[in-house]
Amino acid sequence: EAGVAQSPRYKIIEKRQSVAFWCNPISGHATLYWYQQILGQGPKLLIQFQNNGVVDDSQLPKDRFSAERLKGVDSTLKIQPAKLEDSAVYLCASSPERYTGTGELFFGEGSRLTVL
Amino acid sequence: QQPVQSPQAVILREGEDAVINCSSSKALYSVHWYRQKHGEAPVFLMILLKGGEQKGHEKISASFNEKKQQSSLYLTASQLSYSGTYFCGTDDYNTDKLIFGTGTRLQVFP
């Protein structure tokens, strides 16, 4: 079974530029998550989708971050304009479970963003 | 509210045991445990649900004290492959969100 695919793996940009990350979850997984992981910290939830609807985006800085999940499958996370503090690994995860508490999250390898 | 893990770091020799603790200020529905090796994605270890149900790998053991809102992960007879950072994730009744803890870095030496 193919895992969660993410691209690009690495991205270096200058502040105020824009960047987009793509995620393809495991086939059939209804729930998709984007987490931000700053070096040395635990993953922080940015947004959670159930199929193509947003379940929670309370921690998403909406003035610069946006995310969508088209047709309930692939998802993109965009940052525009980027700030230095956005340097982090962006992890996408998916789950076959409707409720987060009951199922395993399958993580992709992440997209490492460096903002100069 | 981010759960707090203790200790922050553990150094072990192969074969030694360790306990990692996770504490939340909220009433929990479930606690998840993940291990992350440097530069890699977090990997699922175990889920502990309110009421006593557990799902996970047979070689991993953990406990969930619902009243104290705490969980502990028990690593026995540690192997080199156990090295990494361990994160607990907590899910409370109100949000259905998995909030990860502060992390515990474990290093196992020969």
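Scroll up a little and you will see the structure.
Residues numbered from 1 in each chain as written. Chains lettered and ligands numbered in written order. Predicted model: local features only at pLDDT ≥ 70, side-chain atom pairs only at ≥ 80, totals over all residues. Heavy atoms only, no water.

S.K.: When you look at the overall build of chain A in this model, what are you seeing that I'm missing?
M.R.: The helix and strand inventory of chain A stands at 0 helices and 11 strands. What you see in chain A, going N to C, is helices and strands ordered as β-β-β-β-β-β-β-β-β-β-β. For a compact globule of 116 residues, the expected C-alpha radius of gyration is about 13 Å, and chain A comes in at 13 Å, within 12% of that figure. With respect to the principal axes defined by its C-alpha atoms, chain A has extents near 40 × 25 × 25 Å. Classification of the 116 residues of chain A by burial places 47% in the buried group. Nonlocal contacts in chain A, meaning residues at least 24 apart in sequence, comprise 53% of its contacts between residues at least 6 apart. When the accessible area of chain A is evaluated, it comes to approximately 5700 Å², of which 49% is carbon and sulfur surface. Of the charged side chains in chain A, 13 are positive and 12 negative; the average position of the first set lies 6 Å away from that of the second. (Helix = DSSP H or I, 4+ residues; strand = E, 2+ residues; numbered from the N terminus. Rg over C-alpha atoms; globule rule 2.2 N^0.38 Å. Buried < 20%, exposed > 50% of the residue type's maximum accessible area, 1.4 Å probe, protein only. Contact = heavy atoms within 4.5 Å. Areas by Shrake-Rupley, 256 points an atom, 1.4 Å probe, with all protein chains shown as cover. Lys, Arg positive; Asp, Glu negative; His and termini not counted. Charge placed at Lys NZ, Arg CZ, Asp CG, Glu CD.)

S.K.: For this particular structure, what's the right way to read the state of the cysteines?
M.R.: In a disulfide, the sulfur atoms of two cysteines are covalently bonded to one another. All chains considered together, the criterion is met by 2 disulfides over all chains. Here A:Cys23 pairs with A:Cys92 through a disulfide, and the sulfurs are 1.9 Å apart. Disulfide A:Cys23 to A:Cys92: torsion about the S-S bond roughly -70 degrees, handedness left-handed. Of this pair, A:Cys23 sits in strand 3 (residues 19-24) while A:Cys92 sits in strand 9 (residues 88-95), and the two are 69 residues apart along the sequence. A:Cys92 shares its class with A:Cys23; the two are buried. One disulfide in the model links B:Cys22 with B:Cys88; its S-S distance is 2.1 Å. Between B:Cys22 and B:Cys88, the S-S dihedral sits near 70 degrees, and the bridge is therefore right-handed. (Disulfide = S-S within 2.5 Å.)

S.K.: Looking at this model, I keep getting lost on the pairing of strand 9 of chain A. Mind explaining?
M.R.: Put simply, side chains in a regular strand alternate between the two faces of the sheet. Residues and elements named next belong to chain A. Where burial is concerned, most of strand 9 is hidden: 8 out of the 8 residues are buried. Alternating positions in strand 9 separate into two faces, Ala88, Tyr90, Cys92 and Ser94 on one and Val89, Leu91, Ala93 and Ser95 on the other, with burial throughout. Across 3 bridges, strand 9 lies against strand 11 (residues 111-115) in antiparallel orientation. Its bridge partner lying in strand 11, Val89 is registered against Arg112. In this sheet, strand 10 (residues 106-107) lies alongside strand 9 in antiparallel orientation, the contact comprising 2 bridges. Following the sheet pairing, Ala93 is matched in strand 10 by Phe107. (Pairing = 2+ DSSP bridges.)

S.K.: Looking at this structure, I do not really get the interface of chain B and chain A. What am I missing?
M.R.: Interface size is commonly expressed as the accessible area that is lost once the parts come together. At the junction of the two partners, chain B supplies 19 residues and chain A supplies 22 residues. Between chain B and chain A, the buried area comes to about 1700 Å², and carbon and sulfur atoms account for 55% of it. Joining chain B to chain A, the criterion identifies 1 salt bridge. Put simply, B:Lys97 and A:Asp56 hold a salt bridge, and the shortest N to O gap is 3.6 Å. (Buried area = accessible area lost by both parts, 1.4 Å probe. Salt bridge = Lys/Arg side-chain N within 4 Å of Asp/Glu carboxyl O.)

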